[in-house]
Amino acid sequence: EKLMEPLSKTVKDVLAAGTDCLAAADIEQPRLICELLASRLLNCKRLELYLKYDNVLSDKLIDAMKRGVQRVGEGEPVQYVTGQAEFMGHVFKVDKRVLIPRPETETLVTEVLECKPLWQKGKPAIVDIGTGSGCIVISLALARPDALYVGLDISEGAVELATENAAALGAAAKVAFACNELSDAVEPGTISAIVSNPPYIPTAECEKLPVNIRNHEPRMALDGGPDGLTVLDAVIQDAAIALKPGGFLFL
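The model shown is predicted, which means the values in this text are computed figures rather than measured ones. (Residues numbered from 1 in each chain as written. Predicted model: local features only at pLDDT ≥ 70, side-chain atom pairs only at ≥ 80, totals over all residues. Heavy atoms only, no water.)

Observations concerning the overall build of the chain
Across its full length, the chain carries twelve helices and seven strands. With the C-alpha coordinates of the chain rotated into their principal frame, the extents come out at 65 × 40 × 25 Å. The buried share of the chain, reckoned over its 251 residues, is 44%. Long-range contacts, defined here as pairs at least 24 residues apart, represent 63% of the contacts in the chain between residues at least 6 apart. Surface summary for the chain: the accessible area is close to 13100 Å², and the carbon and sulfur share equals 54%. Of note, the chain has its 25 positive side-chain charges centred 7 Å away from the centre of its 35 negative side-chain charges. (Helix = DSSP H or I, 4+ residues; strand = E, 2+ residues; numbered from the N terminus. Buried < 20%, exposed > 50% of the residue type's maximum accessible area, 1.4 Å probe, protein only. Contact = heavy atoms within 4.5 Å. Areas by Shrake-Rupley, 256 points an atom, 1.4 Å probe, with all protein chains shown as cover. Lys, Arg positive; Asp, Glu negative; His and termini not counted. Charge placed at Lys NZ, Arg CZ, Asp CG, Glu CD.)

Quick notes on the pattern of salt bridges
Think of it this way: side chains of opposite charge can pair up when their charged atoms draw near. Inspection of the entire model under this criterion finds twelve salt bridges. The partner of Glu5 in a salt bridge is Lys66, with the nearest N and O atoms 3.4 Å apart. Placement of Glu5 in the segment before α1 (11-24) and of Lys66 in helix α3 (residues 59-73) is noted, with a sequence separation of 61 residues between them. By relative accessible area, which is 52% here, Glu5 ends up exposed. Residue classification places Lys66 among the partly exposed positions, given a relative accessible area of 24%. (Salt bridge = Lys/Arg side-chain N within 4 Å of Asp/Glu carboxyl O.)

What to know about the sheet that holds strand β4 (residues 148-152)
An order of β5-β4-β3-β6-β7 is seen for the five strands of this open sheet, with the pairing classed as parallel. Looking at strand neighbours, the two that pair on one side only are β5 (175-178) and β7 (243-250), the edges of this open sheet. Strand after strand, the sheet turns through a mean of 20° between neighbouring axes, direction not considered. Here strand β6 (residues 191-196) pairs with β7 via four bridges, running parallel. When the sheet's bridge partners are listed, Ile194 is paired in β7 with Leu249. (Pairing = 2+ DSSP bridges. Axes fitted to C-alpha atoms, helices over the stretch in contact; angles between N-to-C directions.)

Overview of a nonpolar patch on the surface
Residues Ile236, Leu249 and Leu251 make up a contiguous nonpolar surface patch of about 230 Å² in total accessible area. Mapping Leu249 onto the fold places it in strand β7. A residue is classified by how much of its surface remains accessible, and Leu249, at 32% relative accessible area, is partly exposed. (Patch = residues over 30% accessible without salt bridge, like charges linked within 9 Å, V, L, I, M, F, W, Y side chains within 5 Å.)

Some points on the state of the cysteines
Counted according to the given criterion, the structure contains zero disulfides. The thiol of Cys21 is unpaired, and the distance to the nearest cysteine sulfur, on Cys34, comes to 8.0 Å. Between Cys115, a free cysteine, and Cys135, which holds the nearest cysteine sulfur, the sulfur-to-sulfur gap is 19 Å. For Cys115, a relative accessible area of 10% puts it in the buried group. (Disulfide = S-S within 2.5 Å.)

Considering the side chain of Ser39
Within the secondary structure layout, Ser39 lies in helix α2 (residues 30-41). Ignoring any residue separated from it by four or fewer positions in sequence, one finds Ser39 in contact with Cys44, Lys45, Arg46 and Leu49.

Take a look at the structure:
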């Protein structure tokens, strides 16, 4: 195993050594990952790191950086190592209880925000099914506070984490979370919009996922059954009952 030994203890050299180490382990985007680790340790934005290139790191911080690089080198997602992920310009706490928010899912949030008819009818009631970290529903609540929001998940751990994220981002009073199925949580014909990023990977394909996803992210948030559509079908059927006439379903 190649140990990460920087030429000196400056931020610049530690980043270079970590990048070489991850590149040798065939980890994608090694420089970006090292910058995410270092910015977390130094409690600064990633783009501010270059201002600190000549700063000398303590042995304690270098050891912490080495541990982070080692964990990522062994296949753990960097977001779980740092305990956070950015989504829609907000920083969300993430851990093994939830799927890591993906940049592609920001498109889903944008679609909801740009749906003019949804926001023209007074105070819409919006439900996020399979809320996970809460990234979708909290981002919506922060962008459009004048609506009613509910985040549902069948994982108690996910609901706990989403509740923490809402509190940390100042949305605790705007979003209600529950460990529940849609049919048990809302009355028929009462919801303006349902948004969901459900598991959609066929069971057999889950074993072929990259190791950092397959061995670390919650299988329940990935496995969509034999054809990948089991959860999607259920969401659509439940939505047909829960939505008001003319309501919206975003998937």
